[in-house]
Amino acid sequence: MIWAARWGVVELDTVLIKIASRCNIDCHYCYVYNMGDTGWASMPKQMSHETTIALATALKDLYRTQKRPFAVVLHGGEPLLLGPAKLKRLITTLHDALPPETAFSLQTNGILITEEILHVCSETRTTLSVSIDGPRHIHDRSRVGHRGQGTYDKVMQGIELLRNHRDADFLYSGLLAVIDPDSDPSEVYSFFKTLGPPGVDFLYRDGNHTRLPAGKTSFQSTEYGEWFVRLLDIYLYDPHPLRIRFLDDLMRIILGGTATKDGVGLTDFGVLIVDTDGSIAKNDTLKSAFDGADRFMQKWSVHTHRLEEVLTSTEFAEYHASQRPTSRVCHACPEFKVCGGGMTLHRWQDESGFDNPSVYCSDQILLIRSVRNQITALRKCA
Amino acid sequence: MIKTSEPPGVESDPTEKPPELDVSKIPSPVLARLIEEMRNEEIGTAHMYNRFHNRHNRSR
């Protein structure tokens, strides 16, 4: 959600902290570096201890007001560029300011995972999710180093360390994959099962109506939808399935529940992004729309503003409300409640802004219909 | 404004409520698990699902 009537503020679910603004690899599709936004170049390479202290103070202050825990996600760039000592100090500083039930997690490309890093994460109760797109020939198409070299071997080394750690049951939170619509979903799914994650999340590639996502030939085309439908058919009948969050969320909504992530359904999420300099930004994926799309007009910073001031502002409320699609096409669609208009960044068009259905509209419709029909058929068996 | 074509027909009503099911007879482990999880949430035993940012996969 949440427009919290009690306080008249947007309630925070997640604070996503950019602890490093640079990355040790150069994925072709990256929305931070390779889709036109240049914000990263003017940011400090890493969050300083002074900024971490200011952030911890701001979050502690917000928790006192909100009285509801929020998740802390460490992000980048590549967050493990901090190295174990700085990472430990940063997490400990934040932990000390927040209630013990606060969930800490970290999204990494996996290359810099070491025993020392895992020890820090175990000590600080911080889980790790690793980005990997599939087996080598799929992963290395896009997830490459700064000289264009594949990263598969190094990522796999990191995953092996993570899986073999004595605290792996806690630490290993899952895998995150960007879809290559030319790949075979059966091959990708089987590969991920061999890595033993508790779950996998699949992401559409970033793109919009003006700059179509790679592999999508037109607004009406359904390459990604067809890929997901093939995955769904495998997933539903696998006797020992992984958890696939995106498909689970679609099924949950169709069954009358709610989603756990943005991009499907009509649940709003209170997400705050903090950059390495302590400035407050919008959802960072908006960078893929145009240069600076993730910046507020107000120059908020944890060094100079209380977060309550941010969350009660008109500008933040307008940004928060922008999760909901405005397009008349969406509002007239029978699958509106399930699809939710997709992710905001996918609605962008240079001429009309965000007032459009998702560029993945046709894919979503195809997939949702397939999920619905599968559920209907399976229900008849019970 | 971008216009989309009319979506094809569906075989079920989008607002239809699921009837009571014998989960053990559902030939899909995934669907059986989801239905069971949702039942547990309804009775308040597992409502603390985690919210998370879309770029992060936090499975628990």
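Residues numbered from 1 in each chain as written. Chains lettered and ligands numbered in written order. Predicted model: local features only at pLDDT ≥ 70, side-chain atom pairs only at ≥ 80, totals over all residues.

Regarding the overall build of chain B
The secondary structure content of chain B amounts to 1 helix and 0 strands. With 60 residues in all, chain B has 25% of them scored as buried. (Helix = DSSP H or I, 4+ residues; strand = E, 2+ residues; numbered from the N terminus. Buried ≥ 20, exposed ≤ 12 C-beta atoms within 10 Å, placed from the backbone.)

Focus on the overall build of chain A
A count of helices and strands for chain A gives 14 helices and 10 strands. Relative to the 2.2 N^0.38 estimate, which gives 21 Å for 382 residues, the radius of gyration of chain A is 20 Å and therefore close to what a compact globule would have. Taken over the C-alpha atoms alone, chain A extends approximately 55 × 45 × 45 Å along its principal axes. The buried share of chain A, taken over its 382 residues, is 52%. When contacts within chain A are restricted to residue pairs at least 6 apart in sequence, those whose partners lie at least 24 apart make up 72%. (Rg over C-alpha atoms; globule rule 2.2 N^0.38 Å. Contact = placed C-beta atoms within 7 Å.)

Focus on the nonpolar core
Ranked by size, the top nonpolar core spans 108 residues in total, and within it A:V15, A:I17, A:L250 and B:L31 carry the most contacts. Ignoring anything within four residues of it in the chain, the contact list for B:L31 reads A:L236, A:M251, A:I375, A:L378 and B:I26. (Core = buried A, V, L, I, M, F, W, Y, C linked by C-beta atoms within 7 Å.)

Brief notes about the sheet that holds strand β10 (residues 280-281) of chain A
Backbone hydrogen bonds hold the strands of a sheet together, and the pairing may be parallel or antiparallel. All names here are of chain A. Spatially, β8-β7-β6-β5-β4-β3-β9-β10 is the arrangement adopted by the 8 strands of the open sheet, whose pairing is mixed. The outermost strands of the open sheet, each flanked by one partner alone, are β8 (200-203) and β10. Both strand β6 (residues 126-131) and strand β7 (residues 172-178) contribute to a ladder of 4 bridges, which runs parallel. Among the inter-strand pairings, S129 is bridged to a residue of β7, identified as G174. Where helix α5 (residues 152-164) meets the sheet, its contacts fall on β6 and β7, and the angle it forms with β6 comes to roughly 150 degrees. (Pairing = 2+ DSSP bridges. Axes fitted to C-alpha atoms, helices over the stretch in contact; angles between N-to-C directions.)

Observations regarding the environment of A:V274
You can see A:V274 is positioned in strand β9 (residues 271-274). With residues near it in sequence (within four places) discarded, A:V274 still touches A:V15, A:I17, A:K18, A:L55, A:I280 and A:V302.

A few points about the packing of helix α7 (residues 185-194) of chain A against helix α8 (residues 223-237) of chain A
Residue and element names in this part refer to chain A. Contact geometry for α7 and α8: axes closest at 9 Å, N-to-C directions at 50 degrees. The angle between α7 and α8 places the two elements in the oblique class. In this structure, α7 meets α8 at a crossing whose hand is right-handed. Residues P185, S186 and Y189 of α7 pack against W227, R230, L231 and I234 of α8. Split by residue class, the contact of α7 with α8 holds 5 nonpolar, 1 polar and 1 charged. (Parallel < 35°, antiparallel > 145°, perpendicular 65-115°, else oblique. Left-handed = near helix turned anticlockwise from the far one by under 90°. Nonpolar A, V, L, I, M, F, W, Y, C, P; charged D, E, K, R; others polar.)

Examining helix α1 (residues 49-66) of chain A
Residues and elements named next belong to chain A. Look at α1: 25 Å from first C-alpha to last across 18 residues, which is about the 26 Å you get at 1.5 Å a residue. Along α1, the residues classified as buried are T51, T52, L55, A58, L59, L62 and Q66. Axial view of α1: buried residues confined to an arc of 130 degrees, hence all on one face. Residues of α1 that are exposed and point over 90 degrees away from its buried face: H49, E50 and R64. A positive backbone phi angle near 60 degrees is found at K67, which sits one or two residues after α1. (Expected span 1.5 Å × (residues − 1). Arc of directions from axis to C-beta.)

Quick look at unusual backbone geometry
Residues and elements named next belong to chain A. In this structure, G77 follows G76 across a cis peptide bond, with omega equal to 15 degrees. Along the chain, G77 falls in the loop between β4 (71-75) and α2 (83-97). Here R125, not a glycine, exhibits a phi torsion of approximately 55 degrees, which is positive. Its location among the elements puts R125 in the loop between α3 (115-123) and β6.

Brief notes about the environment of A:T65
Residues and elements named next belong to chain A. Note that T65 resides in helix α1. Residue T65 is classed as partly exposed on the basis of its 15 C-beta neighbours within 10 Å. Between the C-alpha atom of T65 and that of W227, which follows or precedes it by 162 residues, the distance is 44 Å.

Keep in mind these values describe shape, not function.
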